[in-house]
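Per-entry structural report
Spelled out from the first residue to the last, the chains are:
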Amino acid sequence: MGIHTFNTDEVQSLLRAACNLDGMGGNPRFKQILHRLLGDLFKAIDDLDMTPDEVWAGVNYLNQLGKDGEAALLAAGLGLEKFLDIRMDAADKADHIDAGTPRTIEGPLYVAGAPVANGMAKIDTNPDADAEALVIHGTVTDTEGKPVDGALVECWHANSKGFYSHFDPTGAQSEFNLRGAVKTGADGRYEFRTLMPVGYGCPPQGSTQHVLNALARHGNRPAHVHFFVSGDHLRKLTTQFNVAGDPLIWDDFAYATREALIAAATQKTGGTALGLKTDTYNDIEFNFRLTHLYKGTDNQLVHRERAAVDV
Ligand code: MBD
Ligand code: FE
């Protein structure tokens, strides 16, 4: 039988004091949230009879997680980021917003500031001998199917090693390699000429993989391409497609795969004329349907820390 102290006056007063619940000032919302989270932690320590050694292992882990800069990666791997999507999906359903392209997690590897092109962008600036040519294209429409003029399609993905520029531990990629943005014209069309990505894997020695190892989980994602898609008077969409046929398509460590977000590549010829590295290339069509503002505002906009580079 464990020791139970959570419901004592002493522990309840300690929690209130630690969060200054009975004092003036501070941020009331922050006080409310921290009081709940700290209380849930204290209660879990009691209920599971966690030893001091176990608690200190957790505290030390937080230091290491910060040193590695992997807090957002861990959030993806533990399903926290997916859970936020599940909640936004449920809110949309309650508000009868259901005709748009499904959202899926942003992940921690976006970099703001990529150059913007009209209609089409070639975003592979570094050669990658192991990557096949890929053209990604489609239309941006609203939920009524009307093409969106002036939509911004931002795109980012990994190279043939599963590494993203700006975060590449090998230092092999220049700034904004495999990252770009396209503005649509009146036809709503966008196109990216690029290279086939390979799925990402967590840094093997990092603190996220450390936790996954203790859970006997892998830290890999199927091949995928990320998008932010925005347009006037429409909600900004955060999504990705996963490439059909990848063995991890339904075994993503970050839980981002959705049925409507699986894209199949077809083989085409004529790449030379498009400036691709081979005449035969992979073609993926992926169309975006953006939803209208909700009561005049974009209620799915997410603010979080993001890398940014000035060009
Ligand atoms: C990625 O490329 C990614 O998309 C997510 C969600 C987490 C880690 C790496
Ligand atoms: Fe990714």
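Residues numbered from 1 in each chain as written. Chains lettered and ligands numbered in written order. Predicted model: local features only at pLDDT ≥ 70, side-chain atom pairs only at ≥ 80, totals over all residues. Heavy atoms only, no water.

Ordered in space as β2-β6-β5-β8-β9-β10, the six strands form an open sheet in which the pairing is mixed. The sheet terminates laterally at β2 (116-118) and β10 (262-263), the two strands that pair on one side only. Sheet analysis places strand β9 (residues 237-243) next to β10, joined by two bridges and oriented parallel. Bridge pairing in β10 places Val-243 opposite Ala-263. (Pairing = 2+ DSSP bridges. Helix = DSSP H or I, 4+ residues; strand = E, 2+ residues; numbered from the N terminus.)

One pass over the full model with this rule turns up two cavities of 30 Å³ or more. Considered as a void within the structure, the largest cavity measures approximately 110 Å³ in volume. Every residue lining the largest cavity is counted, 16 residues in all, and those nearest its centre are Gly-107, Pro-108, Leu-109, Arg-221 and His-226. Breaking the lining of the largest cavity down by element, the ones donating at least two residues are α4 (71-77) and β8 (224-230). Forming the walls of the second largest cavity are Tyr-110, Val-111, Ala-114, Glu-154, Cys-155, Trp-156, Arg-179 and Gly-180. (1 Å grid on protein atoms, 1.4 Å probe; cavity = no way out; pocket = protein on both sides within 12 Å on 5 of 7 lines; lining within 4 Å. Points joined across faces, edges and corners; volume = space filled by probe spheres on them.)

We now examine the layout of surface pockets. Of the volumes computed, that of the largest pocket is approximately 510 Å³. Per-element tally for the lining of the largest pocket: the top contributor is α4, with three residues. Among the residues making up the lining of the largest pocket, the classes are represented as 14 nonpolar, four polar and six charged. Of the volumes computed, that of the second largest pocket is approximately 430 Å³. Forming the boundary of the second largest pocket are 19 residues, of which Glu-81, Leu-84, Met-88, Val-302 and Arg-304 lie nearest the centre. When contributions to the lining of the second largest pocket are tallied by element, the ones reaching two or more residues are α4 and α5 (80-94). If one sorts the elements of the lining of the second largest pocket by residue count, α5 sits on top with five residues. Looking at the lining of the second largest pocket, its residues break down into eight nonpolar, four polar and seven charged. (Nonpolar A, V, L, I, M, F, W, Y, C, P; charged D, E, K, R; others polar.)

To continue, consider the side chain of Thr-239. Summarising the element assignment, Thr-239 is placed in strand β9. Within the local environment of Thr-239, its side chain forms a polar contact with the backbone oxygen of Pro-102, the two atoms lying 2.9 Å apart. Thr-239 has contacts with Pro-102, Arg-103, Thr-104, Val-225, His-226, Phe-227, Leu-261 and Phe-288, leaving out every residue within four places of it along the chain. (Polar contact = N/O pair within 3.5 Å; in protein donor to acceptor, adjacent residues only side chain to side chain. Contact = heavy atoms within 4.5 Å.)

The end-to-end C-alpha distance of helix α2 (residues 28-47), which contains 20 residues, comes to 28 Å, matching closely the 28 Å that a straight helix rising 1.5 Å per residue would cover. Burial in α2 covers these residues: Lys-31, His-35, Gly-39 and Asp-46. Burial along α2 is one-sided: seen end-on, the buried residues are contained in an arc of 55 degrees. Exposed side of α2, more than 90 degrees from the buried face: Arg-29, Arg-36 and Leu-37 are the residues found there. (Expected span 1.5 Å × (residues − 1). Buried < 20%, exposed > 50% of the residue type's maximum accessible area, 1.4 Å probe, protein only. Arc of directions from axis to C-beta.)

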